[in-house]
Amino acid sequence: MVDATYSPRPMRFKIRNLRLWLPLLWIVTLIIAAVFAPIFAPHDPLAQDLMLERLPPFFIDGSEPGHLLGTDSLGRDVLSRMIYGARIALFVSVIAAFSTGIFGSTLGLIAGYYGGWWDRVISRLVDIWMAFPPVLFAVLLVAVIGTGLTSVIFAIALIDWTRFARVIRAETMVQAQMDYVDSARIGGARRMATLLSEILPNVLPSIIALLALEMGIAVIVEAILSFVNLSISSDDPTWGSMISEGRGAIHFAWWVLLFPLIALFLTVLSFSTLGEGLKKQFDPVLK
Amino acid sequence: MNNLHAKTLDIINLNVTLPNGHRLLRDVSLSLDPGEVRALVGESGAGKSMIGKAVLGILPTGISISQGEILLEGTHLNALTPATRRKTIAQTSALIPQDPLTALNPVRKIGPQITDPLTRIHGWTKARALARTRELLDRVHIRNPDRVLNSYPHELSGGMRQRILIAAAFAPSPRLIVADEPTTALDVTVQKEILRLIRELQRETGTGVLFVTHDMGVVAKISQKVTVLFGGRVVEDAPTHRIFENPEHAYTRALIAATPTPNASTEPFRPVPPALIAELHREIQADDDRFSKRAHR
Ligand SMILES: Nc1ncnc2c1ncn2[C@@H]1O[C@H](COP(=O)(O)OP(=O)(O)O)[C@@H](O)[C@H]1O
Ligand SMILES: [Mg+2]
């Protein structure tokens, strides 16, 4: 009666491979470090000590035991600044990705399912929006509405909602063609109910994948804006501002640049790999 | 509300049109008595599914009814507001779709997919809906209903999904079921059982069925009336026995002749003659010309 190839139930989290676990491990580490930053950070991230400036990391001669990853030009502890930087990076990425995702996906779902006039207006808006070069857009925007984390988040959502809108619109259109949507309608379901309870669960894997990707993008954008001094005040420890400061001292203190850069790289990579992996995990039919 | 003496379905001069004015259905008329099975036959693209979609109010976006009437149990569907129309259709009708793979939502369990309309539209309690669903699953020979109700569609075979869809369609004892090539996607052994199940349940519930198929063999087995379609036009409308014993239209004869017989290996396969197709297309063209003149007047 039941197929011999009995496949696993959907939505169950299955241990597949390292491609999923390694990114997850990195992100969980990051989250723990960020949440418990005051406990894990060996030093005050803002504390300067000009006697201890440009100390190298632990594996190089001349390092100090208290400063595992060395210090910067002002004698601030690199590891502590990175841990506090993770706080800002994660905060921005979560809030920005979710605002972007909710806004963009809603428009994508409406355009894809209601079609007609809705679709024409939303699709045209997406086209116009995408004609702007995004980084320039972000810089201009923050320059106009002022610097700070809220502006950074706002800028990300305002630029990147089109990514969600486009992908989710296309996927919604595919789902809307399926017979189960007709069946729900014949069964008396209202359009909105059909969209939310029949179609949305089917495009959710894509939304989740895009969210993860968007978190990675948000981390980069925040770093870029910090790098050009358009995020929060440059004293605050963000990875971007560390990279920016480290750049000036690259010949005598390369670690100030390198470690935040690695953290940034790993985080972005983890988010996008995780996004892909999650999409597969959540997809019951494994297309 | 419903006229007891009314036909289950009455379609009068139905025209269904693309946004550019191209007609997909051309003055289609047909009717269905209570408890009757009417086959809609014709080649792929003849407009069979479009009739079902127009009746059930699920025409694809952009495609609309430009002229004509659909009466469901005596109620003029065009005269209703969209919300009332939806409710009327939901209360009286159901669909057995062609592809059992996409007809069930892959991310929802089977159970609620069947019981949702029963509780939502027919106002049944959850318990009553479940009991009726179990009863119907049993009728379509599904042995462990509770396990099935807790499954996701991809955990079941195609034949099983189609039986579930049949159970779901008959569960509220609807007055009308549109069965859109319900056996086409299945292999031959399963086809027979599915046909038999639809036939049995249809007799028990007294449901009128619009049975879409391109297979004259199936027509002979299941229907009392036949509508033959070509290019969105009704070519012939007659009782099933007459269609086979004394078909009026050359196209109907050609369709019957083109049907593979049990001894298909000895008899040559005879496709519909191209000259006849060309003739039918000329008729459609003339018809469309008349239609546009009528529209421009
Ligand atoms: N979504 C659509 N948009 C435009 N044309 C369509 C659409 N669906 C079907 N058609 C056209 O309508 C005609 C009838 O289709 P259909 O009713 O599905 O035929 P069938 O008899 O095979 O069920 C065909 O010519 C088909 O190309
Ligand atoms: Mg069809």
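As shown above, the structure is provided for reference.
Nothing here was measured: the structure is a model prediction, and the numbers come from that model.

Time to look at the overall build of chain B. In terms of regular secondary structure, chain B is built from eleven helices and ten strands. In terms of C-alpha radius of gyration, chain B reaches 20 Å, essentially the compact-globule figure of 19 Å for 297 residues. Counting only residues that meet the buried cut, chain B has 52% of its 297 residues in that class. Considering only contacts in chain B between residues 6 or more positions apart, those separated by 24 or more positions represent 67%. Element-wise, carbon and sulfur atoms account for 54% of the exposed surface of chain B, whose accessible area totals about 13300 Å². Across chain B, the mean location of the 37 positive side-chain charges is 4 Å away from that of the 30 negative side-chain charges.

All names here are of chain B. If you check helix 6 (residues 158-170), its first and last C-alpha atoms are 19 Å apart, about what 13 residues at 1.5 Å a residue would give, namely 18 Å. Burial within helix 6 is extensive, with eleven of its 13 residues counted as buried. As for helix 6, its buried residues are in contact with strand 6 (93-96), helix 3 (110-120), helix 4 (126-139), helix 5 (145-149), strand 7 (176-180) and helix 7 (188-205).

The pairing of strands in a sheet happens through backbone hydrogen bonds and is either parallel or antiparallel. All names here are of chain B. The six strands lie next to each other as 6-7-8-3-9-10, forming an open sheet whose pairing is mixed. Taken across any chain shown, the strands that pair with only one partner, and hence form the sheet edges, are strand 6 and strand 10 (233-239). Here the average twist between neighbouring strands, direction ignored, is 15 degrees. In this structure, strand 3 (residues 37-41) lies alongside strand 9 (residues 225-230), joined through four bridges in parallel fashion.

A word on the packing of aromatic side chains. Scanning all chains against the criterion turns up nine aromatic pairs over all chains. Here the aromatic rings of F58 of chain A and F59 of chain A are separated by 5.1 Å at their centres, their planes lie at 85 degrees, and the arrangement is edge-to-face. By relative accessible area, F59 of chain A is classed as partly exposed at 49%. Judged by centre distance (5.1 Å) and plane angle (75 degrees), the ring pair of F230 of chain B and Y251 of chain B falls under edge-to-face. Placement of the pair is F230 of chain B in strand 9 and Y251 of chain B in helix 10 (residues 250-258), with a sequence separation of 21 residues. Considered together, F230 of chain B and Y251 of chain B belong to a single accessibility category, that of buried residues. Here a set of aromatic residues connected by ring pairs shows up, and it is made of Y113, Y114, W117 and W118 of chain A. Above the plane of the ring of Y113 of chain A lies R191 of chain A, whose end atom (NZ or CZ) is 4.7 Å from the centre. Residue placement shows R128 of chain B over the ring face of W124 of chain B; its charged tip is 4.0 Å from the ring centre.

On to the environment of V41 of chain B. Residue and element names in this part refer to chain B. Structurally, V41 can be placed in strand 3. Residue V41 is classed as buried on the basis of its relative accessible area, which comes to 1%. The spatial distance from the C-alpha of V41 to the C-alpha of L229 is 6.0 Å, given a sequence separation of 188 residues.

In this section: helix 3 (residues 78-114) of chain A. Along its 37 residues, helix 3 of chain A runs 52 Å from first to last C-alpha, staying within 8% of the 54 Å computed at 1.5 Å per residue. At the exit of helix 3 of chain A stands G115 of chain A, carrying a positive phi of roughly 60 degrees.

Residue and element names in this part refer to chain B. The environment of ligand 1 is made up of L18, L24, E43, S44, G45, A46, G47, K48, S49, M50, P60 and I63. Here G45 contributes a backbone N or O atom positioned 2.7 Å from an oxygen atom of ligand 1. In this structure, K48 approaches ligand 1 through a main-chain N or O atom, which is 2.9 Å from an oxygen atom. Out of a free accessible area of 560 Å², ligand 1 has 61% covered by protein chains. When grouped by side-chain class, the residues that make up the shell around ligand 1 number six nonpolar, four polar and two charged.

This brings us to the interface of chain A and chain B. Counting residues at the interface gives 26 residues for chain A, matched by 33 residues for chain B. Where chain A abuts chain B, roughly 2600 Å² becomes buried across the two surfaces, and 57% of that area is made up of carbon and sulfur atoms. The interface formed by chain A and chain B contains one salt bridge. Counting the contacts that link chain A with chain B gives seven residue pairs in polar contact (both at pLDDT 80 or more). Elements supplying a minimum of two residues to the side of chain A that touches chain B: helix 7 (179-186) and helix 8 (191-227) of chain A. By residue class, the composition of the side of chain A that touches chain B is 14 nonpolar, six polar and six charged.

Next up on the list: the sheet that holds strand 2 (residues 23-32) of chain B. Residue and element names in this part refer to chain B. An order of 2-1-4-5 is seen for the four strands of this open sheet, with the pairing classed as antiparallel. Each edge of the open sheet is held by one strand with a lone partner, namely strand 2 and strand 5 (75-76). Bridge count for strand 4 (residues 64-72) against strand 5 is two bridges, and the pairing is antiparallel. When the sheet's bridge partners are listed, L71 is paired in strand 5 with H76.

Thresholds, definitions, all that
Residues numbered from 1 in each chain as written. Chains lettered and ligands numbered in written order. Predicted model: local features only at pLDDT ≥ 70, side-chain atom pairs only at ≥ 80, totals over all residues. Heavy atoms only, no water. Helix = DSSP H or I, 4+ residues; strand = E, 2+ residues; numbered from the N terminus. Rg over C-alpha atoms; globule rule 2.2 N^0.38 Å. Buried < 20%, exposed > 50% of the residue type's maximum accessible area, 1.4 Å probe, protein only. Contact = heavy atoms within 4.5 Å. Areas by Shrake-Rupley, 256 points an atom, 1.4 Å probe, with all protein chains shown as cover. Lys, Arg positive; Asp, Glu negative; His and termini not counted. Charge placed at Lys NZ, Arg CZ, Asp CG, Glu CD. Expected span 1.5 Å × (residues − 1). Pairing = 2+ DSSP bridges. Axes fitted to C-alpha atoms, helices over the stretch in contact; angles between N-to-C directions. Phe/Tyr/Trp six-rings, centres within 6.5 Å; stacked < 30°, edge-to-face > 60°. Lys NZ or Arg CZ within 6 Å of the ring centre and 35° of its normal. Near = heavy atom within 4 Å. Polar contact = N/O pair within 3.5 Å; in protein donor to acceptor, adjacent residues only side chain to side chain. Nonpolar A, V, L, I, M, F, W, Y, C, P; charged D, E, K, R; others polar. Buried area = accessible area lost by both parts, 1.4 Å probe. Salt bridge = Lys/Arg side-chain N within 4 Å of Asp/Glu carboxyl O.

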